[in-house]
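Chain and residue survey
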Amino acid sequence: MARSPAYLKTYRVGRKLRLKDIDPGARPAASSSREADDARLAELAIEIDRLQDLLYANGSAGRPPKLLLVLQGMDTSGKDGTARSVFRQCSPLGVRVAAFKAPTEVERAHDFLWRVHSVVPRAGEVVVFNRSHYEDVLVPFVEGWIDTAERQRRLAHINAFERLLHDSGTTIVKCFLHISKDEQRERLQARLDDPAKRWKFQVGDLETRAKWKAYLAAYETALAATSTACAPWHVVPADSKSNRNLMIATLVAQALAGMKLKPPKPDFDPAAVRVV
């Protein structure tokens with residue numbers, strides 16, 4: 001894997017975050033050529049497949065590696081499209097997507113992390129969170145169901161939870177898909193206008209859109225409080241789908257390459273075996 005692109009440091013979240021200072025239309029990972037971007041994404045997808053195969057093969061190691069990719073963002077920011085594009089070459093055996101919607105009655109009867117812990121990566125597995133445990137510090141706070149003190153407690157629990165995952169061999173990549181309000185309007189309207197995609201449109205999306213500033217403020221607090229050394233956040237400009245996919249594919253490929261995975265040694269002598 002090539003050296004980490006310099007732009008990634010710019011978009012890594014620190015202790016303070018002002019989303020209005022980050023242009024959702026920026027294209028740090030993309031070029032002026034759609035063909036070149038598609039070719040680069042294809043190369044990254046093949047590399048991710050190769051590394052994911054090694055990850056799966058090491059699932060029975062002494063401290064088996066795992067990868068968790070967390071995708072958060074406003075409606076239409078492209079969480080589904082990212083998963084399809086980044087992992088398009090991978091075998092479904094070792095890649096799984098966990099989608100989080102409003103908690104069920106059973107889930108609400110437990111602590112907010114109960115439903116999350118059961119779907120984290122198993123040994124040798126890649127898991128993509130389409131939305132995540134962060135929903136429980138965003139929606140409840142903006143809607144007034146929890147207060148500031150409870151939000152702070154939950155953020156502290158999230159940091160401890162992610163530290164637990166890290167300490168047990170899970171590499172965590174967290175991406176906030178940063179889309180502009182104008183781009184979201186166009187994508188929502190496109191869904192509404194297309195009978196084949198109209199099922200994706202929810203009237204509730206408009207209610208959330210009406211609270212745009214409140215949700216961005218909630219994201220700023222949550223991301224800054226939980227961007228840690230073992231589980232950093234990156235803000236991904238997402239108005240450009242090419243930029244979004246290339247940036248996240250680069251982060252995933254680097255995370256896998258950083259594990260320095262090698263094919264596991266067989267438990268037999270290959271020289272003594274002959275296939276007839």
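Model, not experiment: these values are computed from the prediction.

1. Remarks on the overall build of the chain
- Assigned secondary structure in the chain consists of 11 helices and 5 strands.
- Relative to the 2.2 N^0.38 estimate, which gives 19 Å for 276 residues, the radius of gyration of the chain is 20 Å and therefore close to what a compact globule would have.
- A burial count over the chain gives 49% of its 276 residues as buried.
- Intrachain contacts of the chain at a sequence separation of at least 6 include 82% that bridge at least 24 residues.
- Approximately 14700 Å² of the chain is accessible, and the part contributed by carbon and sulfur atoms is 53%.
- Where the 43 positive side-chain charges of the chain centre and where its 33 negative ones centre are 4 Å apart.

2. Description of unusual backbone geometry
- Even without glycine at this site, Arg131 takes up a positive phi of about 70°.
- You can see Arg131 is positioned in the loop between strand E3 (126-130) and helix H6 (135-142).
- Judged by relative accessible area, which is 19%, Arg131 ranks as buried.
- Its identity is not glycine, yet Lys260 carries a phi of approximately 50°, on the positive side.
- Residue position: Lys260 is located in the segment after helix H11 (241-257).

Definitions and cut-offs
- Residues numbered from 1 in each chain as written.
- Predicted model: local features only at pLDDT ≥ 70, side-chain atom pairs only at ≥ 80, totals over all residues.
- Heavy atoms only, no water.
- Helix = DSSP H or I, 4+ residues; strand = E, 2+ residues; numbered from the N terminus.
- Rg over C-alpha atoms; globule rule 2.2 N^0.38 Å.
- Buried < 20%, exposed > 50% of the residue type's maximum accessible area, 1.4 Å probe, protein only.
- Contact = heavy atoms within 4.5 Å.
- Areas by Shrake-Rupley, 256 points an atom, 1.4 Å probe, with all protein chains shown as cover.
- Lys, Arg positive; Asp, Glu negative; His and termini not counted.
- Charge placed at Lys NZ, Arg CZ, Asp CG, Glu CD.

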